[in-house]
Amino acid sequence: MGSELRVPFDRTRNHPAALTTSKFGISKMELLKACVSREWLLMKRNSFVYIFKIVQLIILGTIAMTVFLRTEMHRNSVEDGVIYMGAMFLGLVTHLFNAFAELAMSIAKLPIFYKQRDLLFYPSWAYGLPTWLLKIPISFLECAVWICMTYYVIGFDPNIERFFRHYLLLVLISQMASGLFRVLAALGRDMVVADTFGSFAQLVLLVLGGFLIARDNIKAWWIWGYWCSPLMYAQNAIAVNEFLGHSWRMVVDPTDSNDTLGVQVLKSRGIFVDPNWYWIGVGALLGYIMLFNVLFIVFLDLLDPLGKGQNVVSEEELMEKHVNRTGENVELLLLGNDSENSPSNVTSVTNAGGGEITGADTRERGMALPFTPLSITFDNIRYSVDMPQEMKDKGITEDRLVLLKGVSGAFRPGVLTALMGVSGAGKTTLMDVLAGRKTGGYIEGDINISGYPKNQETFARIAGYCEQNDIHSPHVTVYESLVYSAWLRLSPDVDSEARQMFVEQVMELVELTSLRGALVGLPGVNGLSTEQRKRLTIAVELVANPSIIFMDEPTSGLDARAAAIVMRAVRNTVDTGRTVVCTIHQPSIDIFEAFDELFLMKRGGEEIYVGPLGHNSCHLIDYFEGIQGVKKIKDGYNPATWMLEVTTLAQEDALGLNFAEVYMNSDLYRRNKALISELSTPPPGSTDLYFSKQYAQSFFTQCVACLWKQHKSYWRNPSYTATRIFFTTVIALIFGTIFLNLGQKVGKRQDLFNSLGSMYAAVIFIGIQNGQCVQPIVDVERTVFYREKAAGMYSALPYAFAQVFIEIPHVFLQTIIYGLIVYSLIGLDWAFMKFFWYMFFMFFTFLYFTFYGMMAVAMTPNSDIAAIVATAFYAVWNIFAGFLVPRSRIPIWWRWYSWACPVAWTLYGLVASQYGDIADVRLEDGEQVNAFIHRFFGFRHDYVGFMAVGVVGFTVLFAFVFAFSIKVLNFQRR
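Residues numbered from 1 in each chain as written. Predicted model: local features only at pLDDT ≥ 70, side-chain atom pairs only at ≥ 80, totals over all residues. Heavy atoms only, no water.

1. Points about the overall build of the protein chain
Check the secondary structure of the protein chain and you find 38 helices and ten strands. The principal-axis extent of the C-alpha atoms belonging to the protein chain is close to 110 × 95 × 65 Å. For the protein chain, buried positions account for 56% of its 974 residues. Considering only intrachain contacts with a sequence separation of at least 6, the fraction spanning at least 24 residues in the protein chain is 79%. For the protein chain, the accessible area works out to roughly 41100 Å², and carbon and sulfur atoms hold 61% of it. Averaging the locations of the 80 positively and 87 negatively charged side chains of the protein chain gives two centres separated by 6 Å. (Helix = DSSP H or I, 4+ residues; strand = E, 2+ residues; numbered from the N terminus. Buried < 20%, exposed > 50% of the residue type's maximum accessible area, 1.4 Å probe, protein only. Contact = heavy atoms within 4.5 Å. Areas by Shrake-Rupley, 256 points an atom, 1.4 Å probe, with all protein chains shown as cover. Lys, Arg positive; Asp, Glu negative; His and termini not counted. Charge placed at Lys NZ, Arg CZ, Asp CG, Glu CD.)

2. Section: the domain arrangement of the protein chain
Accessible area lost during the coming together of the parts is what is often quoted as the interface size. Segmenting the protein chain into domains produces domain 1 (28–302), domain 2 (376–462 + 547–680) and domain 3 (717–968). On a C-alpha basis, the centres of domain 1 and domain 2 stand 61 Å from each other. (Domains from an automatic or database assignment.)

3. Let's talk about helix 12 (residues 261–268)
Burial analysis of helix 12 places six of its eight residues in the buried class, which makes it a mostly covered element. Along helix 12, the residues classified as buried are Leu 261, Gly 262, Val 263, Gln 264, Val 265 and Leu 266. Looking at the packing, one finds that the buried side of helix 12 touches helix 4 (78–98) and helix 11 (230–243). Gly 270 sits one or two residues past helix 12 and shows a positive phi near 75°.

4. Re the side chain of Asn 236
Here Asn 236 shows up in helix 11. One polar contact links Asn 236 to Tyr 226, side chain to side chain, over a distance of 3.4 Å. Setting aside its immediate chain neighbours within four residues, Asn 236 contacts Tyr 226, Ile 271, Phe 272 and Trp 277. (Polar contact = N/O pair within 3.5 Å; in protein donor to acceptor, adjacent residues only side chain to side chain.)

5. Some points on the UniProt feature "domain: ABC transporter" (unreviewed entry) in the protein chain
The positions UniProt marks with the feature "domain: ABC transporter" (unreviewed entry) are residues 376–628. A distance of 33 Å separates the end C-alpha atoms of residues 376–628, which is 35% helix and 26% strand. (UniProt positions renumbered as here; feature names shortened; annotations may be inferred.)

6. Some details on the pairing of strand 9 (residues 597–602)
For strand 9, the tally of buried residues reaches six of six residues, placing the bulk of the element in the interior. Bridge count between strand 3 (residues 416–421) and strand 9: five bridges; the pairing is parallel. If you follow Met 420 over to strand 9, its bridge partner there is Leu 600. Note that strand 9 and strand 10 (residues 606–612) share six bridges and pair antiparallel. The residue bridging Lys 602 from the neighbouring strand is Glu 606, located in strand 10. Adjacent in sequence and paired antiparallel, strand 9 and strand 10 are bridged by three residues, among which Gly 604 carries a positive phi angle near 110°. (Pairing = 2+ DSSP bridges.)

7. Re the sheet that holds strand 2 (residues 400–411)
In spatial order, the strands read 2-1-4-5; together these four strands make up an open sheet with antiparallel pairing. Looking at strand neighbours, the two that pair on one side only are strand 2 and strand 5 (452–453), the edges of this open sheet. In terms of strand pairing, strand 1 (residues 376–386) meets strand 4 (residues 442–449) through seven bridges, oriented antiparallel. Looking at the pairing, Thr 377 lines up with Asn 448 of strand 4. Helix-sheet contacts for helix 27 (residues 667–679) involve strand 1 and strand 2, and the interaxial angle to strand 2 is about 75°. (Axes fitted to C-alpha atoms, helices over the stretch in contact; angles between N-to-C directions.)

8. Some remarks on helix 30 (residues 749–790)
Taking 1.5 Å of rise per residue, 42 residues should cover 62 Å, and helix 30 covers 59 Å from first to last C-alpha, within 8% of that figure. By the largest-angle criterion, Gln 775 marks the main kink of helix 30, which is about 25°, and a proline, Pro 776, follows within four residues. A positive backbone phi angle near 75° is found at Gly 792, which sits one or two residues after helix 30. (Expected span 1.5 Å × (residues − 1). Bend = angle between axes of the 7 residues up to and from the residue.)

9. Remarks on the nonpolar core
One finds Phe 735, Tyr 818, Phe 880, Tyr 915 and Phe 962 to be the most contacted residues of the largest nonpolar core, which totals 206 residues. Looking at this core, the element that brings in the most residues is helix 33 (residues 832–858), giving 19 residues. Looking at which domains feed residues into this core, each of domain 1 (28–302) and domain 3 (717–968) gives three or more. Listed in part, the 94 residues of the second largest apolar core include Ile 376, Tyr 383, Met 420 and Leu 598. (Core = buried A, V, L, I, M, F, W, Y, C linked by side-chain atoms within 4.5 Å.)

10. Focus on the pattern of salt bridges
In a structure, side chains of opposite charge can pair up when their charged atoms sit close to one another. Within the structure shown, the criterion is met by 40 salt bridges. Asp 80 is paired through a salt bridge with Arg 889; the nearest N and O atoms lie 2.6 Å apart. Separated by 809 residues along the polypeptide, Asp 80 in helix 4 and Arg 889 in the loop between helix 34 (863–880) and helix 35 (892–900) bring together distant segments of the chain. Across the pair Arg 571 and Asp 575 runs a salt bridge, and its minimum N-O distance is 3.4 Å. Each of Arg 489, Glu 541, Lys 709, Glu 781, Arg 787 and Glu 788 takes part in a single network of salt bridges with overlapping partners. (Salt bridge = Lys/Arg side-chain N within 4 Å of Asp/Glu carboxyl O.)

11. Quick notes on the packing of aromatic side chains
Counted according to the given criterion, the structure contains 87 aromatic pairs. Plain terms: the ring middles of Phe 960 and Phe 964 are 6.3 Å apart, the flat faces sit at 20° to each other, and that makes the pair stacked. Linking Phe 960 with Phe 964, this pair stays in helix 38 (residues 944–968), spanning four residues, or about one helical turn. The exposure class of Phe 960 is exposed, given its relative accessible area of 55%. On the basis of relative accessibility, which here comes to 47%, the residue Phe 964 falls in the partly exposed class. (Phe/Tyr/Trp six-rings, centres within 6.5 Å; stacked < 30°, edge-to-face > 60°.)

12. Digging into the sheet that holds strand 9
Strand order in this open sheet of six strands is 6-7-8-3-9-10, and the pairing throughout is mixed. Of all strands in the sheet, those bounded by a partner on one side alone are strand 6 (463–466) and strand 10. The mean inter-strand angle of the sheet, taken between neighbouring strand axes irrespective of direction, is 15°. Docked against the sheet, helix 23 (residues 618–625) engages strand 9 and strand 10, running at close to 135° with respect to strand 10.

13. A word on the packing of helix 5 (residues 101–118) against helix 9 (residues 191–207)
Between helix 5 and helix 9, the shortest axis-to-axis distance is 11 Å and the interhelical angle comes to 155°. Considering the angle they form, helix 5 stands roughly antiparallel to helix 9. As helix 5 packs across helix 9, the resulting crossing turns out to be right-handed. Taking contact as the criterion, the partners of Leu 103, Ala 104 and Ile 107 in helix 5 are, on helix 9, Met 191, Ala 194 and Asp 195. Its residues assigned to classes, the contact of helix 5 with helix 9 comprises five nonpolar, no polar and one charged. (Parallel < 35°, antiparallel > 145°, perpendicular 65-115°, else oblique. Left-handed = near helix turned anticlockwise from the far one by under 90°. Nonpolar A, V, L, I, M, F, W, Y, C, P; charged D, E, K, R; others polar.)

This is how it looks when you write it as structure tokens:
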């Protein structure tokens, strides 16, 4: 046997199905076909992105061809050639930026790719090749749209060969950019990191591309960047293709130069005049396309996904894990770490969440501040919405769809009520109607609070609503979240010491004391676990000292142990004497038994049982078993599950009855009607709820509190604040070293173009980066704002004020860092007023870009749409900024928009303040610097003050529109 085992087995004799003989399940060609098919399917389902990009190109193309209209474009001087150069640069940059969407789309698909790659679904090349190859037709289509609209209308050389050469270059730059952003996505693997990488890549590509600064002026230590920039090859190739064409072969001024006008233009901008540079550029771009796509596949193969943030683990959880691991018997304390609790206050939670969920003696807990126990009654509540168009199309003639059909009930202090029913029964709808959270629809019926008609403004002050989604600011701690809520929702009569004591008691009540310093974090990413967030949601409402609390599915998404902990916190809350109502979905026996009463609804919005549960749900079971034909419950079966099973529409059909009608004819219904009638009458000597003002705190206090929270949020969010400062510092050093000492050179036109290029690039890049980075931050905080505003914490204006004001010191620091580095390295004039104006314009420019990004979020449903809308305007601002085409050369029908473009005001102010007063220096042709600035750009030094007022005006305008949009627009639909 030993000798037989020593002989290796001949695998060729294997049955084909016995062992795998290859790494992947199918052949390489089949793998490629499968990946191509999937990528094509994803592109079809994501067609909106590609359609939007085409529409955006059509809009930009329309603007470009009417700004650079051939009737306004002449070929009389080198300056005319510079305008044509701007039009070509615009085409290249448009397709470069148009590919930026690849970054986000590639990162969104990476988690699935990593999972499937590690499970050996396919190799990296099979995934990477279709991503590249299927985008090639898209590039051809996009570039065809652009060039067909712009080439002949702008008046480029009419030779058809040069037309197709121009087209080929645009396709290659589009493909190169797509490959570059895919590489950055595979390398960064995170949106923030990749976005920063992408911005740096665009910066180096553009600044060292040969247009913003001429090749002759690039320093020796940066010339490698010029030769490495793909945009340089595209810029040289497209310029050579145009300016060596027939249209530019005239000699304008033989006394000055015998070169043709086209060659003079090329030389003035530092472009190579050899016609072979077209093919050099094409070859270089093809090389970059191959390089980037190969690197994309290599990075996909070699790199693993970035590590995920971890949830916070409390000391109790660590203790319990220790118990489970070692088997030691350690008791879990109900109130965190308080070792002085008596044995009666100790509660253990079994691994399966079993055992009765009971709080200890909590009647006195959370009662540092007095509150008035209140009941809520509702009688014959009907809720309807406009009939959806889809249902009308199916032949339904009614105008309204009724979701609640005359439901009635009463919720009392110290009683925990479960609001239950199958999906679509209207549980959350009823709760939203009672809590006043509905933003649309039609409500009929009576709602009374302790006998008095409900008034929503006063009701918000005495009620709490725990939403299912646990929405909180991610960058504040648990303790700060509670302090903030208490600060804004408790009466001004409560001093800070009492408020702090109450917050501590609430933290003990819901067992958050051990987590007081933990950051809340983002759901499913970092910070608190789902169960801890549920308890924080309850605590945030409890610190408002409400009399009535609504909870929407507090145990959804939790395992048995976590649900038991949350329900223990809920039970403790009820035991303080408050009125608590919970919607609940498929509870375990233990959780179900924790409730005192049940409000059961059937699909269609009708109640079928409203009454007490009883010990082991005896009252509920007796009621339904008393209905003829209903099957009996089995021993040990979950009453909640049994109840839902025996009351389905199918059971109604089988039994030939309507459970809603059975309830209407029962003694239980009559007792409930009597209870509603009794509680709808105000108790003797009572008065209706009254508050002298809508909000608990004054407008000033609301502003201070909102600003306090925003400060905490920004201080603890280095991925936003620190990344912005780092990005600004690096860009300042790059600009400073690229344009080193060029600010002192004003003897040639090209020197002035270089200086203007540095200012234009800084404004566009840092400004757009500010606008892009702030959008996700504002989007997250806006979701929190909807919850806090609905809870009556503050009005919209204090929130908007805080969001606007908190940016000012951060942007000021950013301006100081950028301004000092760049101003000193570029070597601009250190005269006080010139330095002041430079810092002034940069500060307000960074600020209005930031506010514009915030405004775009406030006016759109989410940050994704905001980014698309904002990007479209950035592209238009780029055209009218005054750099690609000076204001004096913009056709009269578009000149109005140059005054509506904030970047144009900034560049006017920067250039005019630095160079508009230089009359003692002449250019190479003898023209004074200030005269050239005025003639070519239309900038006058005595208008600098007006420009300053203009940029401040844009800043205030964007901030005001942001505040107005936050106040008026509500994209949350309930």
